[in-house]
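# A structural walkthrough
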Amino acid sequence: MTDQLPARSRIVHESLRAAGIGGDIVVLPDAASTASLAAAALGVEVGAIANSLVFWSDGEPLLVMTSGAHRVDTAALAERIGRESIRRASAEQVRGATGQAIGGVAPTGHPEPLQTVVDEDLAAYPEIWAAGGTPHTVFPMTFAELVALTGGSVVKVD
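Just so we're clear, the structure is a prediction, and the values are computed from it rather than from any experiment.

## Concerning the environment of Arg17
- Turning to its location among the elements, Arg17 is positioned in helix α1 (residues 7–18).
- Taking the C-alpha atoms as reference, Arg17 lies 29 Å from His70; in sequence the two are 53 residues apart.
- When near neighbours in sequence (up to four residues on either side) are disregarded, Arg17 contacts Gly22, Gly23 and Asp24.

## Quick look at the nonpolar core
- Membership of the largest hydrophobic core comes to 26 residues, with the highest contact counts inside it found for Leu16, Ala50, Leu122, Ile128, Phe139, Met141 and Leu146.
- Elements that contribute at least two residues to this core include exactly α1, β2 (49–57), β3 (60–67), α4 (91–98), β6 (128–131), β7 (137–141) and α5 (143–150).
- Here this core gets three residues from one element, more than from any other, and that element is α5.
- Residue contacts for Met141: discarding those within four places in its chain leaves Ile21, Pro126, Glu127, Ile128, Leu146 and Leu149.
- Listed in part, the 11 residues of the second largest apolar core include Leu62, Leu77, Val155 and Val157.

## Comments concerning the environment of Ala7
- In this structure, Ala7 sits in helix α1.
- A residue is classified by how much of its surface remains accessible, and Ala7, at 46% relative accessible area, is partly exposed.
- Once the C-alpha coordinates of Ala7 and Gly133 are considered, the two residues, 126 residues apart in sequence, prove to be 8.7 Å apart.

## A closer look at α5
- Among the residues of α5, those classed as buried are Phe143, Leu146, Leu149 and Thr150. One face of α5 carries all of its buried residues, which in axial projection span an arc of 130°. Opposite the packed face of α5, turned more than 90 degrees from it, sit the exposed residues Ala144 and Ala148.
- The positive-phi residue at the C-terminal boundary of α5 is Gly151, with phi of around 65°.

## Concerning α1
- If you check α1, its first and last C-alpha atoms are 17 Å apart, about what 12 residues at 1.5 Å a residue would give, namely 16 Å.
- Of all the residues in α1, the buried ones are Ser9, Val12, His13 and Leu16. Down the axis, α1 shows its buried residues gathered within 105° of arc, on one side only. Exposed side of α1, more than 90 degrees from the buried face: Glu14 and Ala18 are the residues found there.
- Its buried side turned inward, α1 meets β7 and α5.
- Of the residues flanking the end of α1, it is Gly20, one or two places downstream, whose phi is positive at about 80°.

## Quick word on the pattern of salt bridges
- For the coordinates displayed, the defined rule picks out three salt bridges.
- With a closest N to O distance of 2.7 Å, Asp24 and Arg17 form a salt bridge.
- With a shortest N-O distance of 2.9 Å, Glu60 and Arg83 are connected by a salt bridge. Of this pair, Glu60 sits in strand β3 while Arg83 sits in the loop between α3 (74–81) and β4 (87–88), and the two are 23 residues apart along the sequence.
- For Glu60, a relative accessible area of 33% puts it in the partly exposed group.
- When its relative accessible area of 13% is taken as the criterion, Arg83 is described as buried.

Cut-offs used in this document
- Residues numbered from 1 in each chain as written.
- Predicted model: local features only at pLDDT ≥ 70, side-chain atom pairs only at ≥ 80, totals over all residues.
- Heavy atoms only, no water.
- Helix = DSSP H or I, 4+ residues; strand = E, 2+ residues; numbered from the N terminus.
- Contact = heavy atoms within 4.5 Å.
- Core = buried A, V, L, I, M, F, W, Y, C linked by side-chain atoms within 4.5 Å.
- Buried < 20%, exposed > 50% of the residue type's maximum accessible area, 1.4 Å probe, protein only.
- Arc of directions from axis to C-beta.
- Expected span 1.5 Å × (residues − 1).
- Salt bridge = Lys/Arg side-chain N within 4 Å of Asp/Glu carboxyl O.

Just geometry here; none of it tells us what the structure is for.
Below you can see the structure in the form of structure tokens.
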């Protein structure tokens, strides 16, 4: 099955298996580049989508795994995690940091580990879904698996 996945999704799949996460990557017929589109395609609440957002903070990339039901208040988040500033990364910065395109950024499978923040509200869902390296791929996992996979700090994100 993995040989039918896009190259970026195969990298994500290998990273998931190396971390002991068994959820399979699902290829969607249409792109699900937003949390709303992914939720509709999967038939789940938008809050159960672990939205992967890459920001630029204090000279380095910062991955924020937030509930699809939230927008990120960058000033509030910067204060909570002790950063001077947080701003949206450019498409080039996202691709450089993750090897993946905006709309399909997975929480794993990056060239180098990224400092990661995980939205505490994702813990409310027994199963969450994240992008699988492309806008057409997603996979399920638990909140605990997401935190372990990313080494992320659990923080309130709103």
